[in-house]
Amino acid sequence: MDASTLGELQTAEQRQILDTITQLRKCGLDTILSLPQLVVCGDQSAGKSSLLEALTEIPFPRNDNLCTRFATEINLRCEPTEKLTIKVIPNSSRSAEEQKTINAFSKSISDFDELPELMDAAKEVMGIAELESTPGPAFSRDTLRIDVEGPMRPQLTLVDIPGLIQSTTKGVTEADIDIVAAITDHYIQQSRTICLAVISAQNDVANQGILRRVRKFDPEGKRTLGIITKPDKLSAGSKSEANFLELAKNENVVLKLGWHVVKNRAFQESDFTADQRAHSEKTFFRDSIWTALHQDYVGIDNLRIRLSQLLLEHGKAELPRLSQDVEGSLQRDRHEIALLGNSRATVLECRTYLAQLSMACHEICKAGVQGMYEHDFFRSGRDELFSLKSEASIRRLRAVVQFMNSEFARELRTKGHKYIIDLTDGDQSSKEDKNLEGSKPVSSSLSKKPSVLSEKSAMTWTRNQVLKSRGRELAGSFNPNVVAELFWEQSESWEKLAKVHVENILQLCENFLRDILVDQATSDVKDRFWRFLVVDDLREQCACAFRELDQLVQDNKDYPINYNHYFTDNLQKRRQQKLRAQLQGVLPEPIALSDFNGDIYQRYDVENALEKVVSACSQKITADMEEFSCEEALDCLLSIYKVQEKTFVANVTTQVIERHIMRKLKEIFSPLNIINLPDSKIESIVSEPSSTKRQRVFLQDRIKKLEEGQQIFRSAIGSSTTGS
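In what follows, the accompanying structure is described.

Thresholds applied
- Residues numbered from 1 in each chain as written.
- Predicted model: local features only at pLDDT ≥ 70, side-chain atom pairs only at ≥ 80, totals over all residues.
- Heavy atoms only, no water.
- Core = buried A, V, L, I, M, F, W, Y, C linked by side-chain atoms within 4.5 Å.
- Buried < 20%, exposed > 50% of the residue type's maximum accessible area, 1.4 Å probe, protein only.
- Helix = DSSP H or I, 4+ residues; strand = E, 2+ residues; numbered from the N terminus.
- Contact = heavy atoms within 4.5 Å.
- Pairing = 2+ DSSP bridges.
- Axes fitted to C-alpha atoms, helices over the stretch in contact; angles between N-to-C directions.
- Phe/Tyr/Trp six-rings, centres within 6.5 Å; stacked < 30°, edge-to-face > 60°.
- Lys NZ or Arg CZ within 6 Å of the ring centre and 35° of its normal.
- Salt bridge = Lys/Arg side-chain N within 4 Å of Asp/Glu carboxyl O.
- 1 Å grid on protein atoms, 1.4 Å probe; cavity = no way out; pocket = protein on both sides within 12 Å on 5 of 7 lines; lining within 4 Å.
- Points joined across faces, edges and corners; volume = space filled by probe spheres on them.
- Nonpolar A, V, L, I, M, F, W, Y, C, P; charged D, E, K, R; others polar.

Let's talk about the nonpolar core
Next, step 1: Membership of the largest hydrophobic core comes to 80 residues, with the highest contact counts inside it found for Leu513 and Phe529.
Next, step 2: Residue assignment for this core shows that the elements contributing at least two residues are helix H11 (347-370), helix H13 (397-415), helix H15 (455-468), helix H16 (481-490), helix H17 (494-520), helix H18 (523-556), helix H21 (625-665) and helix H23 (679-686).
Next, step 3: In terms of residue count, the dominant contributor to this core is H21 (17 residues).
Next, step 4: When residues no more than four places from it in sequence are discounted, the contact partners of Leu513 are Cys365, Trp530, Val534, Leu538, Leu665, Ile668 and Phe669.
Next, step 5: Listed in part, the 42 residues of the second largest apolar core include Phe112, Met126, Ile128 and Ile300.

Given below as structure tokens:
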């Protein structure tokens, strides 16, 4: 290669880009993300080995098929002294011990005469069978990396892969064919791979398997460069020669990157030096039909330049996107490994992890119970409307409990009584109750609407109970137990409403605790944590809550005891309402009078008004003592019902919900519960299954490679800034 051409291929920018790609591949990033690369692919006997030797000017052993047995990465760099280094990159499917052994292999030489010996050593490390009779695979998924340095080397990186095999032969099995096909697909399907599809002019284009395979992954030919070898084997003036010329002009199989034609060494040219080979190739293209092609598209020297420029432009375009992919993958893998939590391989690690998990869950639970929503756990779905069906709303436990308690109070006020007796009562229950859409409690659908009793029907109902409860009381009065029996019947649905409310609160708390575990614990731990440390405590809380509710219900079934003046206030208000109704329309109209100035004013005749009021009251006096006692009993019922209703709501929300559910809820996750647990139980709760351990190792390896790749990009950016 002449000095001017070599200079074009040794720019600092090209060196930096190719070195960055090489370093990314060395750190193993190519096992995670697709890297910009040129991959030489083709059918077996398409002339790939001769092409590769001409491109790299590396004198590979002539009678050795090693370079076609596995993927070979060749890095050419311009350095003052000649040096060749061989390493083997183990396939990720190998065991850790095998990878360690293979990674330890590294050999360097300064004399290319020693290359056959190095190739044999690399083959031995990979376990490639030397002879057909030797046991072992004929092909390997490992990668041979050859770093070549020298003063006349261009900046170029190529990946050569084994040639596609069409059928089994002696020493080549179906398994070998499948391995080669898998290796080929692995490389050419990557989005950042530029495929150098090598085809032989000795074989019809339609029979070239590599073209079909490349088309499968690159149907539009955007990242494929076709290379035609052995054009000298075509008969001059033949139709085949014309067809391949048409192909080289990009008029048959159209590729965005076009085609290139090179002449491989003929058998009689096996001992030619690189210069002699180049001269023979130039002579052929000068004196043949191929002069119809632009000179840049023929010859090995022009191909070397073309590939170097192609790799440079491809690297410049892809590296910024690759850097973004590294950052995105690193962020996702870190998040995924964070979900696994800390390692839990030993008892100490298990106990530490469980204590930390319990503390984190305890703090969130405590905040939810107290209504302190600063933690990130409570910040999801902040733009959603409040609803009992919303997961974001349910996480704000105290807010939902307050809402459900208010709904329970409203439910008891509007549907807790068996009969609606006085529709004209000034209580708020007659007003329309407004509810948030989607927030109606379950109990609403289970409650039966109260029956409406007219005043006459209510008196009949009360009279029946008064007659059944007659004792030694004086006529016109009633047995005090009548009010209790009327109250029991009127409030018979309280127990059902209260139980449904408590069940809803318990279900809400269970969902809240599950959400905490889902947010804080790993998928393999949350179910075991729930089963061993949460379920029993929840069941105990449930039992205690219902025992307390049963006691409240039983107290409610006893005779009402009241020391609240609200009862007498209600009773007096009802009597005042009756009196107001009696006096309605009785008072006379005021008399219009005029003063000395002629101004008109109104004045009541007090004596006349008083007389009419007294007369009206006398006429309204109930002479029937039984009716009087029924009216009094009904008034007492309506008054005591309101008092007991408010007391019952307060007792359920305070003594059941708060005492036995909310107050004890935060203690379920208390780290103190972990202290005395035996080691065996600790391990059974949080020890990692083998699948999790493998996933952790897998993610740690990925993160290590991605972090190294991230650092390589940062160093490249830093050196670029310094250089500019």
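Let's talk about the sheet that holds strand S2 (residues 71-78)
Next, step 1: Taken in spatial order, the nine strands of this open sheet run S4-S3-S5-S2-S6-S1-S7-S8-S9, and their pairing is mixed. Edge positions in the sheet fall to strand S4 (106-109) and strand S9 (259-261), since each has one partner strand and no second. Direction aside, neighbouring strands of the sheet carry axes that sit 20 degrees apart on average.
Next, step 2: Examined bridge by bridge, strand S3 (residues 83-89) and strand S5 (residues 143-150) share seven bridges and lie antiparallel to one another.

Here we look at the packing of aromatic side chains
The geometry of an aromatic ring pair is captured by two quantities: the separation of the ring centres and the angle between the planes.
Next, step 1: Counted by the stated rule, this structure contains 12 aromatic pairs.
Next, step 2: Where Phe284 meets Phe285, the ring centres are 5.2 Å apart and the plane angle is 65 degrees; that geometry is what we call edge-to-face.
Next, step 3: Between the aromatic rings of Phe377 and Phe512, the centroid separation amounts to 6.2 Å while the plane-to-plane angle is 75 degrees, which identifies the pairing as edge-to-face. One end of the pair, Phe377, is in the loop between H11 and helix H12 (391-395); the other, Phe512, is in helix H17, and 135 residues separate them in sequence.
Next, step 4: Take Phe512: its relative accessible area is 0%, and that puts it in the buried class.
Next, step 5: Directly above the ring of Tyr353 sits Arg344, whose terminal nitrogen or CZ lies 4.7 Å from the centroid.
Next, step 6: Against the face of Trp530 rests Arg514, its NZ or CZ located 4.0 Å from the ring centre.

Things to note about the pattern of salt bridges
Next, step 1: Counted according to the given criterion, the structure contains 40 salt bridges.
Next, step 2: We note a salt bridge from Asp19 to Arg77, for which the minimum N-O separation is 2.7 Å. In this pair, Asp19 is assigned in helix H2 (residues 12-26) and Arg77 in strand S2, connecting sequence segments 58 residues apart.
Next, step 3: Among the ionic pairs, Arg528 bridges to Asp524, the shortest N-O distance being 3.0 Å. Taken together, the residues span about one helical turn, with Arg528 and Asp524 both in helix H18 at a distance of four residues. Here Arg528 and Asp524 have matching classes, each one buried.

Focus on the layout of surface pockets
Next, step 1: Taken as a whole, the second largest pocket encloses approximately 1200 Å³ of empty space.
Next, step 2: Looking at the second largest pocket, it is lined by 38 residues, and the ones nearest its centre are Thr31, Pro90, Ser92, Gln99 and Lys705.
Next, step 3: Listed by contribution, the elements that provide at least two residues to the lining of the second largest pocket are H2, S2, S3, helix H4 (96-103), S5, helix H6 (174-188) and helix H24 (690-723).
Next, step 4: In terms of residue count, H24 provides more of the lining of the second largest pocket than any other element does, eight residues in total.
Next, step 5: Taken together, the residues that form the lining of the second largest pocket break down as 12 nonpolar, 11 polar and 15 charged.

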